[in-house]
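# Report on the structure
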Amino acid sequence: MNHANLIASNTSVKDVNTTCCYCGVGCGVTATVGHNKIIGVKGNSAHPANKGKLCVKGSALHETQDFSDRLLQPMVSGAPSSWEEAIALGAQKFKDTINTYGPDSVAFYLSGQLLTEDYYIANKLMKGFIGSGNVDTNSRLCMASAVVAHKRAFGEDIVPGCYEDLEKTDVILLVGSNMAYTHPVVYQRIVKAKKSRPTLKVVVLDPRKTPTCDIADIHLPIRPGSDAFFFNGLLSYLATEKKLDTQYIEKYCDNFEQTLSAAQSQVSNTAQAAIMCDTDEKSIVSVYSLFANSNTAVTVFSQGINQSSSGVDKGNAIINCHLATGKIGREGAAPFSITGQPNAMGGREVGGLATQLAAHMNMGDNTAHKIVEDFWQAPNLAKTEGLKAVDMFKAVHEGKIKAIWIMATNPVVTMPDANFVREALRRCETVIVSDCIGNTDTAKEADIVFPATTWGEKTGTVTNSERCISLQKGFLTAPGEAKHDWQILAEFAQAMGFNEGFNYQSPAEIFREHAALSGYRNNGTRCFDISALANLDDHDYFNLKPTYWPVSNNPTTSNKRLFRDGHYYTANRRAQLVAVTAQFPKAVPRNGDLMMNTGRIRDQWHTMGRTGSSSKLVSHTDEPYIDMHPQNATLLGIKPGDLAELSNRNAHYFGRVNVTDSVRLGEIFVPIHWNDNVASSSRADALVNAITDPLCGQPEFKHTPVTAKAFQPAWQGFMLTTTAVTPPSRYWSKILLQQGFKYRLADTTPVTDWPRWVREQFPNIEQWSEVLDSHNQHYKAVGYVEDAVVITLTISPSNTIAEENSWLENQLGQLCDSGNRFAILAGRPNNGLEDAGKIICSCYQMGEKTITEAINAGHNTTEKLGEKLKCGTNCGSCIPELNALIGNAAQPVEGSVQPA
Ligand code: SF4
């Protein structure tokens, strides 16, 4: 009996410690479980990452355990299959392809959502036994720049610091990171530290004014992509002001003179820095001076740096400044690349990138080849790098890769030029997808689909942004025939004929092997060494406490802060500064283009597969949107709340426009989460150019010139339904409600006969009550089946947005007598109850109108609002928005409008 079954077989309610499956913060979660269900979750106060806190996504983990489209059995060519048949067919297809076209004609595309044990086997199978380097991962889309920057500077992909450094430092520079939304619990740790120690200074470098700026002492809205100019300028300033740590440089660093010279030749003074970064010199000097005169500083960098055509150089420009001032390897002093996904780090550790071998060893290194070959007893070890994600899908499109297996990720939504990726999969001879969800945009393109277990069902380790290894525990029995990814991979490998290396019985066994490899012939040459964990027995593995790597002989001593002795993992053990020639983004805008920046929203994760199944989480932002500067909106004839269409090549994105000066003139921001299951055409990454950093292959997601125009519908409206439908309109978006679904609709084709239209679209409705004001083009209809409300439709003229309220949503599915039918048709309760407005606090479902009323009544601090309405008192994710509402109430700002 495996661990999950052991727990699940005991039907009494119990608490299980595990780890959140979303972002790279890696919070410890205590799940309360009973009768094979998660009853509730809370933060694990013993976990060093979050010390008991969870953000809104983590707090809702128990609300996302039932998805209607859960994949329950293998599928072959769209039809249910047995595991034996599906595995045998997939393995045979891979074998035949390799026999005919060679090992590089097949590929694996993995995910930072996988557990380290899954990653380890996939990497071992492809690189050690199939003999190709073609195993890459969606971490290529978020972390590849930092990986190469670390390797160039430190000799190995190493994050030097830990979260605690953010609480102990004098200055935090948050660069290209909307941490309030993307790493909320770390952000809350900074908020708390700053509150208790107001001398802690926070600087945000971001073209956008994001909610993270709520705690910024200085926000520099720099020109997009100008970060390396900024840090080259900082290095020059440090030299000019004699703020370099010359002793540290002399003792521990190489290449300083060339690096400084390169920086000075580009940005020799603060005036130049201000010009290159398109911001005011005074602010630049303030930030430079803060960094120069502080004893400690942490520079946190994230996707704003990494997702760039020169992301590696940007990372090194940051690291250069820390090395040159000795602000590294000490408490509160580090360049800190913070990862996006829960196990991006674990994937990097096993070598899950096409550019790495295994256990932080490199491709093309003969010593490493020999070590791995011997350890794995690998018959066909790959010795050259495989194709990175963008090139991998290009090779699929060109027919060079003829069989691909995609695990736990959705590249048809997340890759740049995502329509090209979809077309590539359609051309590919064999596409295998393993996932827990059956109808993702990628799974729809698969020939073979393997049902995989998901969070709560599978056991394995993840490594968070601060190198802390934690266990995600399986405590639920998997539904249907779902299997763990490591099991699927092991069976697949054996079906390919590789029996010896893949006869695993548990994730613990795989972890022990992974840990042993990290220490194999290491002798201190590789920092990634967790060999002290190689002898954990099953019990200790299943009860593994959060553990920082490297882990020496004593697993209880953790090593949270690295490079304390000034020794690095380069050939000569000295850090390498890297001369950086800063560059702007590659894509040149056409006349009239707006520059599209992409990113996450507060309550959603990636492509909404899991978070989209919580009505609470989707209530905060329920429609794809576009943040647009007021002047651009005016030029395009767009008003707040209008729809707009963005396009690039043949891809289109529809979104509701939020007119706001939080974005710079000429720039727009759109969220990445929407997919074809929840919107007619709002996959933002389909518009992104597949331009990559030549050093690491990471795409430039943050900078895409797009054509923007007003979408001018003949009509628009919203529809509530008890069951999901595919709306017959050019634009639609869908969210889950507790009682059904809500759709926003719009179309350019006028409808002349609405009563006829609804009856044609919904022929199964037994009774309609409706009202038509043809003069003003308003139409409302409510459809009933057996006296229960199953659909409401509210249509408005093109230029108005139909009013919505939660009362009407609550009527869905309810029996309705004749006395109440008029109220439902009117869309308002007879007693005149007011709607709470746009949801701000997801935890307590508190809306903007209610909060604003409370502020106006004198509850004008977050503490007072918390006392009055509870908003902001659980996860705290909404506090920046509460502060914004408090600020707006005190001093209304024209032109700043929330999304409709
Ligand atoms: Fe999960 Fe939120 Fe913690 Fe990230 S910050 S790991 S999403 S609870």
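Residues numbered from 1 in each chain as written. Predicted model: local features only at pLDDT ≥ 70, side-chain atom pairs only at ≥ 80, totals over all residues. Heavy atoms only, no water.

## Quick notes on the overall build of the protein
Within the protein, the secondary structure is distributed over 31 helices and 36 strands. Rg of the C-alpha trace for the protein: 27 Å, near the compact-globule value of 29 Å for 900 residues, within the 12% margin. Principal axes of the C-alpha set define a box for the protein whose edges measure 80 × 70 × 55 Å. In the protein, which comprises 900 residues, the share counted as buried stands at 64%. Contacts in the protein between residues far apart in sequence, at least 24 positions, make up 71% of those at least 6 positions apart. Total accessible area computed for the protein in this model is approximately 31,800 Å², and 48% of it derives from carbon and sulfur atoms. (Helix = DSSP H or I, 4+ residues; strand = E, 2+ residues; numbered from the N terminus. Rg over C-alpha atoms; globule rule 2.2 N^0.38 Å. Buried < 20%, exposed > 50% of the residue type's maximum accessible area, 1.4 Å probe, protein only. Contact = heavy atoms within 4.5 Å. Areas by Shrake-Rupley, 256 points an atom, 1.4 Å probe, with all protein chains shown as cover.)

## Topic: the sheet that holds strand β28 (residues 704-710)
On the basis of which strands lie adjacent, the closed barrel formed by 6 strands has the order β23-β27-β24-β26-β25-β28 and mixed pairing. Strand-to-strand twist across the sheet, computed as the mean angle between neighbouring axes with direction ignored, equals 45 degrees. In terms of strand pairing, strand β23 (residues 594-599) meets β28 through 3 bridges, oriented antiparallel. Along β28, the bridge assignment pairs Met 596 with Thr 704. (Pairing = 2+ DSSP bridges. Axes fitted to C-alpha atoms, helices over the stretch in contact; angles between N-to-C directions.)

## As for the packing of helix α9 (residues 227-240) against helix α11 (residues 256-266)
Any two packed helices are characterised by how steeply their axes cross, that is the angle between the axes, and by the distance between the axes. Closest axis-to-axis distance for the α9/α11 pair is 8 Å, and the angle between their directions is 110 degrees. In terms of axis orientation, α9 runs roughly perpendicular to α11. Taken as a pair, α9 and α11 cross one another with a handedness that is left-handed. In this structure, α9 contributes Phe 229, Asn 232, Leu 235, Ser 236 and Ala 239 to the contact, and α11 contributes Thr 259, Leu 260, Ala 263, Gln 264 and Gln 266. Considered class by class, the residues forming the contact of α9 with α11 number 5 nonpolar, 5 polar and no charged. (Parallel < 35°, antiparallel > 145°, perpendicular 65-115°, else oblique. Left-handed = near helix turned anticlockwise from the far one by under 90°. Nonpolar A, V, L, I, M, F, W, Y, C, P; charged D, E, K, R; others polar.)

## Considerations on the side chain of Thr 611
With respect to the element layout, Thr 611 can be found in the loop between β23 and α24 (615-618). Looking at Thr 611, its side chain comes within polar contact range of the side chain of Gln 604, at 2.6 Å. Sequence-distant contacts of Thr 611, defined by excluding residues within four places in its chain, comprise Tyr 22, Lys 57, Thr 64, Asp 603, Gln 604, Trp 605, Leu 617 and Val 618. (Polar contact = N/O pair within 3.5 Å; in protein donor to acceptor, adjacent residues only side chain to side chain.)

## Observations concerning the site of the ligand
Taken together, the residues surrounding the ligand are Cys 20, Tyr 22, Cys 23, Val 25, Gly 26, Cys 27, Leu 54, Cys 55, Lys 57, Gly 58, Pro 184 and Val 185. A molecule is said to occupy a pocket when more than half its atoms come within 2 Å of that pocket's grid points, and by this definition the ligand occupies the largest cavity. Among the elements of the structure, α2 (56-59) and α8 (184-196) are those that each provide at least two residues to the shell around the ligand. The residue makeup of the shell around the ligand, split by class, is 9 nonpolar, 2 polar and 1 charged. (Near = heavy atom within 4 Å. 1 Å grid on protein atoms, 1.4 Å probe; cavity = no way out; pocket = protein on both sides within 12 Å on 5 of 7 lines; lining within 4 Å. Sits in = over half its atoms within 2 Å of the grid points.)

## Some details on empty space enclosed by the protein
Taken as a whole and judged by the stated rule, the model has 5 cavities of 30 Å³ or more. Of the pockets and cavities examined, the largest cavity occupies roughly 100 Å³. Taken together, Cys 20, Tyr 22, Cys 23, Val 25, Gly 26, Cys 27, Leu 54, Cys 55, Lys 57, Gly 58, Pro 184 and Val 185 make up the lining of the largest cavity. Of all the secondary-structure elements, those providing two or more residues to the lining of the largest cavity are α2 and α8. The residue makeup of the lining of the largest cavity, split by class, is 9 nonpolar, 2 polar and 1 charged. (Points joined across faces, edges and corners; volume = space filled by probe spheres on them.)

## As for unusual backbone geometry
Trans is the prevailing form of peptide bonds, just as negative phi is the prevailing case for residues other than glycine. Following Trp 549, the chain continues into Pro 550 via a peptide bond in cis, with omega recorded as 0 degrees. Relative to the assigned elements, Pro 550 resides in the loop between β21 (547-548) and β22 (575-576). The phi dihedral of Lys 51 is positive, around 45 degrees, even though this residue is not glycine. Take Lys 51: it is sitting in the loop between β3 (37-43) and α2. Judged by relative accessible area, which is 48%, Lys 51 ranks as partly exposed. A positive phi is found at Ala 359, a non-glycine position, where the angle reads about 45 degrees. Here Ala 359 lies in the loop between β14 (356-358) and β15 (361-362).

## Considerations on the pairing of strand β29 (residues 715-721)
The side chains of a regular strand alternate between both faces of the sheet. The buried count for β29 comes to 7 of 7 residues, which makes it a mostly enclosed element. Of the two faces of β29, both are covered, the one formed by Trp 715, Gly 717, Met 719 and Thr 721 as well as the one formed by Gln 716, Phe 718 and Leu 720. As paired elements, β29 and strand β31 (residues 741-747) share 7 bridges and run antiparallel to each other. Bridge pairing in β31 links Thr 721 to Phe 741.

## Observations regarding the domain arrangement of the protein
Segmenting the protein into domains produces domain 1 (3-64), domain 2 (75-141 + 343-500), domain 3 (144-337), domain 4 (594-710), domain 5 (715-826) and domain 6 (839-888). Every contact between the two is made by 25 residues of domain 3 and, on the other side, 23 residues of domain 4. Taken together, the two surfaces of domain 3 and domain 4 that pack against each other cover about 1,900 Å², and 52% of this comes from carbon and sulfur. Broken down residue by residue, the surface that domain 3 buries against domain 4 is led by Tyr 181, Arg 208 and Gln 307, which jointly contribute 35%. Across the pair Asp 278 and Arg 664 runs a salt bridge whose closest N-O atoms are separated by 2.6 Å. Linking domain 3 with domain 4 are 9 residue pairs in polar contact (both at pLDDT 80 or more), by the criterion used here. The set of elements that each furnish at least two residues to the side of domain 3 that touches domain 4 consists of α5 (144-154), α7 (179-182), α14 (303-306) and α15 (311-324). Here the side of domain 3 that touches domain 4 gets 4 residues from one element, more than from any other, and that element is α5. Considering only residue class, the side of domain 3 that touches domain 4 consists of 9 nonpolar, 10 polar and 6 charged. (Domains from an automatic or database assignment. Buried area = accessible area lost by both parts, 1.4 Å probe. Salt bridge = Lys/Arg side-chain N within 4 Å of Asp/Glu carboxyl O.)

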